[in-house]
Structures are given as structure tokens and as C-alpha cells.
Amino acid sequence: MERPRSILIIPAYNEAVALPALMKLIRDANLGLQCVVVDDGSEDDTSSVGRNHGAIVIRHPFNLGYGAALQTGYKYALAEGARFIVQMDADGQHDPRDIEKLLLPVQQGQCDIMIGSRFLDSTGYAMGPLRQMGRGLFRMIGRLFGLSVADPTSGFQAMNRAVIEHYVQDFFPTDFPDVDVLVGLRRRGGTIRECPVHMTSATRGSRIHSGLRPIYYVYKMLLSLWSAGSQRLDNTDWLENSKKEG
Amino acid sequence: MDKTIDLAQLRQLFLTAPESEATRIVAFVASMALLIVVLWLLRRGKLREEYTPIWLGLSVVLLVISMRLDFLRWITNAIGAWTTSSTIFFLGELFLLAICLSYAVRLSSAFLHIKNLSQEMAILRTHVDALRRELSASTTDSDSSAGGNHHDAPGAAPV
């Protein structure tokens, strides 16, 4: 049976150093996925490194943000007729050997989106106390909206076309698409599942966790959650419709 | 001798104090200048028509007030201010707040357009590059007498 078309999306910003090792791991995993690196206006050789390692590279003319890079990947996947996508970070914290574990349940129709979680099993992922507090806060707020996800900030996910069609809309955040996006998806009838994956800390300091950004992140996320949770839905079961049409 | 003065009387004093002719002239000239600058910018194509109503409206309002300062005194009285100058500052700040908010909304919308355009452009460029590679590969194939050489577009193969 021919496998439905799936695309692997890797948003990358100045990841020329980390990318080769990741690409090698992906190649070794022999997944048969089309690999797309979205270079978010890097100042280093991310684009050429990605291309030299067999990926299709989409390069933003300037830095638009992590969420925008992901969305570019979604738009490309839609244009290419992909039915499923997997997304993972370029900094090497996600293990490509877990891709199959994420993708298969989505391909089998068990859920619309599968999130690779650091916290379901003891994966040894280290997190500072402030981040743990933030995670706890957002988990709690997520639960208020019926979202029960242990790792809503995980960038390691697999999803089907119905979700991609939802994510290419203008509401999708250009910076941090996290729990707010999942809440919106849940409210529209999307089925969200998690599976434990192995995750290491990023090879370099993440931009989201430096300076005043964590404060802005919490502020922005609370605002987005309020917005996502209070929006009036035109057609609550649109995702179901989309899946039927698909 | 009692030197205290009733506050209501003091306020009335401020409100009824006549403006000097210089104030009227300066206000009129400034309003006219604003009107002329807005029209000039419009004529030079540096200000889009859709942005003009608020500025033309403001120029006309300022012009009318500069000719009829008693309007300003009436507003001052109505909002409970003491002096016409504080009314001008208050209304001016309200106006600036409204303008800032309006431009923040327009900027957000413009950012969305820029983001969508950049994404579209990046995807199209990837498609164009792939087509270009395919074209050069097929040209090489047809030029090659050996035949049977298949050229995959670099980066297009599944991994």
C-alpha cells in the first residue's frame, strides 16, 4: 500500500551548525519523508547547509518569527498536496527516530494532531523552576478550555491536512504558536493526543528563554488564550467537515 | 482685609478673560497652515486619500475655533475645565491617543500583509528554483548522447 504523502517541516534560524547532525539522523532513520527546511531569514549558511543535505529549502527574505516559519511550511505542504506533516526543531533537541511514533496514529486517523511530549515518561528533560511554573500555569488554563496536554509548548508534532488548513489562516501567531493554538483547535473539534518522546535541551540558548522574553511570552500567551477561548465560532464542527471532505 | 477669593469666581474669571488678538491670529495661521500642508501632501501624492478625512477634519475644526474662540470657551465650561488652554491640551491628547490606536491597527494589518507576501514569495522562489533545476536537468539529458541518466532535482528526494 502506498504511504500517504507526508512532509517533514523544520523551521530554522541560524542553525547552520546544528542542522547537519539533524539531517544525518533524519537520513539514517530512513522515513521516506519529504524534508523541508524553512530558513527564517538566517544570517548564516542555514539555507545552503539544508540544501546540501538533501532538504528542500524555503528561505524567508527576512526574519519573521518561529510561528511564521512553521506556517510557511504548512502553506508549502498544502500547495504540494501533502496529507500529513511532521514538524520538528532544527536545534537538535528532537529525535527523528520518534517521528514514526508521532505520525502513524495521525495517518491511521486516531487523532488530528499528535504532540511529542517531554513529560509523559521520565525522559530526563531538565527544566528550570520558572519554566516549570509557566508550564503549570498554562496547563491549568488549558484545562479550563478542555485541553489536557502535558507538553503544550512542544514543537515536535504531527498533524493531518484538516489541521494544516486551519493553521494557514491569519490567526496563527508569528512568534510562539503554543497552547493558544491548541485551545483554538480543541474548541473547533480537533482531537489532540500526546505520546512520550525523547527530548534533549536545545544545543544553544533559545531566544524565547532569554532576556525579558519569558515575561512577554507569559503576557502574550495569556492574551492569546483569552482571545482563542472567547472567539465566537461560526461553525463549531468545521474540522469534522474538513475531515469528511478530505 | 479678607483676600480670599471664591473658587467659582476664580474659574469664571479665567473663563471670561478675553483672548488677545495675537492668540486669534496665531491660531488662525496655524490652522490654515495645517490645512494647506494636508492639501499639498495630498496633491503631491504623499498622503493617501483614505488618510485625509481625519486631518482635513481637524484643520477645519481648528480653523473654526480660531475664528470663534467662544466655542472653545463653551466646551471648556461644559467639560468643567478652568482654562481654554487646558481644554485644548485635553482634546489634543485624546486626538493623539485615537490616532496612535488607529495606526497600531493599520500597522498590525500591514504586518499581516507583509508576512503573507513574504511567505508566498519564499514558496514561489522555491518552486521557481526547482523548475529551473528541472529545466537544466532535462536540457542536459537531451544533450547527452548516452541517455538513461536521470537527474533528480537536488533536495527534492525524500529522506
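Check the entry above for the structure.
Enquirer: For this particular structure, what's the right way to read the overall build of chain B?
Expert: In terms of regular secondary structure, chain B is built from five helices and zero strands. Reading chain B from its N terminus to its C terminus gives the helix and strand order α-α-α-α-α. Here chain B holds 159 residues, and the buried ones make up 19% of them. By element, 68% of the accessible surface of chain B is carried by carbon and sulfur atoms, the whole surface being about 11,400 Å².

Enquirer: Can you help me understand the packing of helix 2 (residues 21–43) of chain B against helix 3 (residues 52–67) of chain B in this one?
Expert: For any two helices packed against each other, one specifies the inter-axial angle together with the distance between the axes. All names here are of chain B. Direction vectors running N to C along helix 2 and helix 3 enclose 160°, while the axes themselves pass 8 Å from each other. When the axes of helix 2 and helix 3 are compared, the pair comes out roughly antiparallel. Along this stretch, helix 2 crosses helix 3, giving a crossing that reads as left-handed. Mapping the contact onto sequence places Arg24, Ala27, Phe28, Ser31, Met32, Leu34, Leu35, Val38, Leu39 and Leu42 in helix 2 and Thr52, Trp55, Leu56, Leu58, Ser59, Leu62, Leu63, Ser66 and Met67 in helix 3. Looking at side-chain class alone, the contact of helix 2 with helix 3 contains 14 nonpolar, four polar and one charged residues.

Enquirer: Teacher, can you tell me more about the sheet that holds strand 5 (residues 113–117) of chain A here?
Expert: Within a sheet, each strand pairs with its neighbour through backbone hydrogen bonds, oriented either parallel or antiparallel. All names here are of chain A. Here we have seven strands laid out as an open sheet, ordered 3-2-1-4-6-5-7, and mixed in their pairing. The open sheet has two edge strands with one neighbour each: strand 3 (56–59) and strand 7 (192–196). Neighbour to neighbour, the strand axes of the sheet diverge by 20° on average, direction disregarded. Where strand 5 meets strand 7, five bridges bridge the pair, whose relative direction is parallel. Considered in strand 7, the bridge of Ile115 is made with Glu194.

Enquirer: Honestly, the interface of chain A and chain B in this entry has me stumped. Any pointers?
Expert: Interfaces are frequently sized by the accessible area removed from exposure as the parts join. Contact residues are listed per partner, giving 25 residues for chain A and 18 residues for chain B. Per-residue buried area on chain A facing chain B is highest for A:Leu64, A:Lys75 and A:Asp170; these three make up 23% of the total on that side. Here chain A is connected to chain B by zero salt bridges. Counting across the interface, chain A meets chain B through nine residue pairs in polar contact (both at pLDDT 80 or more). Among the elements of the structure, helix 1 (19–29), strand 2 (34–39), strand 3 and helix 3 (66–79) of chain A are those that each provide at least two residues to the side of chain A that touches chain B. Take the side of chain A that touches chain B: its biggest share by element is five residues, from helix 3 of chain A. Here the residues of the side of chain A that touches chain B are counted per class, giving 13 nonpolar, seven polar and five charged.

Enquirer: Would you mind showing me how to read the pairing of strand 1 (residues 6–12) of chain A here?
Expert: Working note: regular strand, side chains alternate between the two faces of the sheet. Residues and elements named next belong to chain A. Across the seven residues that make up strand 1, a large majority, seven, are buried. For strand 1 and strand 4 (residues 84–87), the ladder comprises four bridges, and the chain directions are parallel. In the sheet register, Leu8 faces strand 4, and the bridge partner there is Val86. Inspection of the sheet shows strand 1 paired to strand 2 by six bridges, in the parallel sense. By the bridge assignment, Ile9 is partnered in strand 2 with Val36. With helix 1 bridging strand 1 and its parallel neighbour strand 2, the resulting β-α-β unit is right-handed.

Enquirer: Mind showing me how you'd approach the nonpolar core here?
Expert: Within soluble globular proteins, side chains that are nonpolar tend to cluster in buried spots. Residues and elements named next belong to chain A. With 38 residues, the main nonpolar core has Ile7, Tyr74, Ile85, Ile113, Met159, Tyr167 and Ile192 as its most contacted residues. Among residues more than four places away in sequence, those in contact with Tyr167 are Gln71, Tyr74, Ile113, Met159, Phe172, Val181, Leu182 and Leu185. Ranked by size, the runner-up nonpolar core spans 31 residues in total, among them Ile26, Cys35, Phe84 and Phe156.

Enquirer: Honestly, the pattern of salt bridges in this entry has me stumped. Any pointers?
Expert: All names here are of chain A. Evaluated as defined, the whole model comprises 12 salt bridges over all chains. Here Arg118 ties to Asp151 by a salt bridge, and the two come within 2.7 Å at their closest N and O atoms. Of the two residues, Arg118 sits in the loop between strand 5 and helix 5 (129–144) while Asp151 sits in the loop between helix 5 and strand 6 (157–160), which places them 33 residues apart along the sequence. Between Lys220 and Asp180 there is a salt bridge, with the nearest N and O atoms lying 3.6 Å from each other. You can see Lys220 sitting in helix 8 (residues 213–230) and its partner Asp180 sitting in helix 7 (residues 179–187), a full 40 residues away along the chain. We note that Lys220, like Asp180, is buried. Where salt bridges share partners, they join Asp175, Asp180 and Lys220 into one cluster.

Enquirer: Where do I start with the environment of B:Asn77 in this structure?
Expert: Residue placement: B:Asn77 occurs in helix 4 (residues 69–79). On a C-alpha basis, the gap between B:Asn77 and B:Gln12 in space is 9.2 Å, while along the polypeptide they are 65 residues apart.

Enquirer: Is there a simple way to explain the side chain of A:Asp39 in this structure?
Expert: Residue and element names in this part refer to chain A. Note on placement: Asp39 falls in strand 2. Classification of Asp39 by relative accessible area gives buried; the value is 0%. Side chain to side chain, Asp39 and Ser42 meet in a polar contact 2.5 Å long. Aside from chain neighbours lying at most four places away, what touches Asp39 is Ala12, Thr46, Ser47, Val57, Ile58, Arg59 and His60.

Enquirer: What is the right way to read the pairing of strand 5 of chain A from this model?
Expert: Summarising burial for strand 5 of chain A: five of the five residues are buried, a large majority. Of the two faces of strand 5 of chain A, the one holding A:Ile113, A:Ile115 and A:Ser117 and the one holding A:Met114 and A:Gly116 are both buried throughout.

How each quantity is defined
- Residues numbered from 1 in each chain as written.
- Chains lettered and ligands numbered in written order.
- Predicted model: local features only at pLDDT ≥ 70, side-chain atom pairs only at ≥ 80, totals over all residues.
- Heavy atoms only, no water.
- Helix = DSSP H or I, 4+ residues; strand = E, 2+ residues; numbered from the N terminus.
- Buried < 20%, exposed > 50% of the residue type's maximum accessible area, 1.4 Å probe, protein only.
- Areas by Shrake-Rupley, 256 points an atom, 1.4 Å probe, with all protein chains shown as cover.
- Axes fitted to C-alpha atoms, helices over the stretch in contact; angles between N-to-C directions.
- Parallel < 35°, antiparallel > 145°, perpendicular 65-115°, else oblique.
- Left-handed = near helix turned anticlockwise from the far one by under 90°.
- Contact = heavy atoms within 4.5 Å.
- Nonpolar A, V, L, I, M, F, W, Y, C, P; charged D, E, K, R; others polar.
- Pairing = 2+ DSSP bridges.
- Buried area = accessible area lost by both parts, 1.4 Å probe.
- Salt bridge = Lys/Arg side-chain N within 4 Å of Asp/Glu carboxyl O.
- Polar contact = N/O pair within 3.5 Å; in protein donor to acceptor, adjacent residues only side chain to side chain.
- Right-handed = clockwise from strand over helix to strand, strands pointing away.
- Core = buried A, V, L, I, M, F, W, Y, C linked by side-chain atoms within 4.5 Å.

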